[in-house]
Every structure is written in structure tokens, then in C-alpha cells.
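# Architecture at a glance
Now for the letters of each chain:
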Amino acid sequence: QVQLVESGGGLVQAGGSLRLSCAASGSGFSINAMGWYRQAPGKQRDLVAITTSDSITNYADAVKGRFTISRDNAKNTVYLQMNSLKPEDTAVYYCKANYLYRGIPNFNAWGQGTLVTVSS
């Protein structure tokens, strides 16, 4: 089906920037929505940003104006540009794809997660 591979996490100082990437691979699929979620230690996994196949985007209030989600449909890749990072953005960031597989809708795949650490 679909495999997601993330990259771009790391350690950055507060106020800095990082760019995450997530590439989908496989066969027989068509991506609908792709998004980023994050999970801080001891907390639940929450939506950060999502983009649909018709380029509708949605952001968590905590990241609006600082993060930008974008998508390269030809490469089945989604990006998350994170600017003005804060220590509270520290978390494991996960990519998620909702896709059709051989015409059947509503399959979901998750990436393995990439750690973002923001130091104060």
C-alpha cells in the first residue's frame, strides 16, 4: 500500500526554523489528504496542519502564522516549514496520509516520526 518516510527533524534554538518532509511511496494509490501531527512527552497526538488534494489547508491555532504546509503532488510529498520555533513546539512530528487504494477510499498511513527539539 503506502509507506511514508519523514525527514528534517533536529535540534534548533528558539526562534529558529526547520523544514520537515514526508514522501509517500507504493503503488496503486491516490493521495487525498496529507498532514502533520505531533506528540509531546506525556501528551496526546494532535493535528498540526493538513492539506487536501484540492489545496485546502488547516492549521492548529498554536502554529498559525508560523508554520506552513505545502505539497508536491507529482512527488507525493508534503512539507512543513516551521518558523519562529518555540520550546513548546518540541515533540515527535508524524506525517499522515489519507488515500485511495485501487479505488477504495479511506486508507490511512503514518510515518515513523521525526523528533523536533527546540531549546530555549
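The structure presented is a predicted model; accordingly, all values stated were derived computationally and were not measured.

## What about unusual backbone geometry?
- With a phi close to 50°, Ser84 is a non-glycine residue in the positive phi region.
- Tracing the sequence through the fold places Ser84 in the loop between β8 (77-82) and β9 (91-101).
- Taking relative accessible area as the criterion, Ser84 reaches 40% and is therefore assigned partly exposed.
- Positive phi, close to 65°, is recorded for Asn106, a residue that is not glycine.
- The topology assignment puts Asn106 in strand β10 (residues 104-110).

## Topic: the state of the cysteines
- Evaluated as defined, the whole model comprises 1 disulfide.
- The disulfide partner of Cys22 is Cys95, and the gap between their sulfur atoms is 2.1 Å. Because the torsion about its S-S bond is -80°, the bridge between Cys22 and Cys95 counts as left-handed. A residue pair is termed long-range when its members are at least 10 positions apart, and Cys22 in strand β3 (residues 18-26) and Cys95 in strand β9 qualify at 73 residues. Comparing Cys22 with Cys95, the two get one shared label, buried.

## Examining the sheet that holds strand β7 (residues 67-72)
- Pairing is antiparallel in the open sheet, where 4 strands are placed in the order β1-β3-β8-β7. Looking at the sheet topology across the chains shown, the edges are occupied by β1 (2-7) and β7. Direction aside, the axes of adjacent strands within the sheet are offset by 15° on average.
- For β7 and β8, the ladder comprises 6 bridges, and the chain directions are antiparallel. Bridging from a neighbouring strand, Asp72 pairs with Thr77 of β8.

Each value, and the rule that gives it
- Throughout this document, residue positions are counted from 1 along each chain, in the order its sequence is written.
- Thresholds applied to this predicted model are a pLDDT of at least 70 for local features of residues and 80 or more for the giving and counting of side-chain atom pairs; totals over whole chains, interfaces and linings are not thresholded and use all residues.
- Only hydrogens and water are removed before side-chain values are computed, so all heavy atoms of the structure are retained for them.
- Comment: elements are numbered from the N terminus, with helices defined as DSSP H or I runs of at least four residues and strands as E runs of at least two.
- Burial classes: relative accessible area under 20% of the type maximum marks a residue as buried, over 50% as exposed, and values in between as partly exposed (1.4 Å probe, protein chains only).
- By definition, disulfides here are pairs of cysteine sulfur atoms that lie within 2.5 Å.
- DSSP-based pairing: two strands are paired if at least 2 bridges between them are found.
- Between N-to-C directions, angles span 0 to 180 degrees; the directions come from axes that are lines fitted to C-alpha atoms, helices contributing only their stretch in contact.

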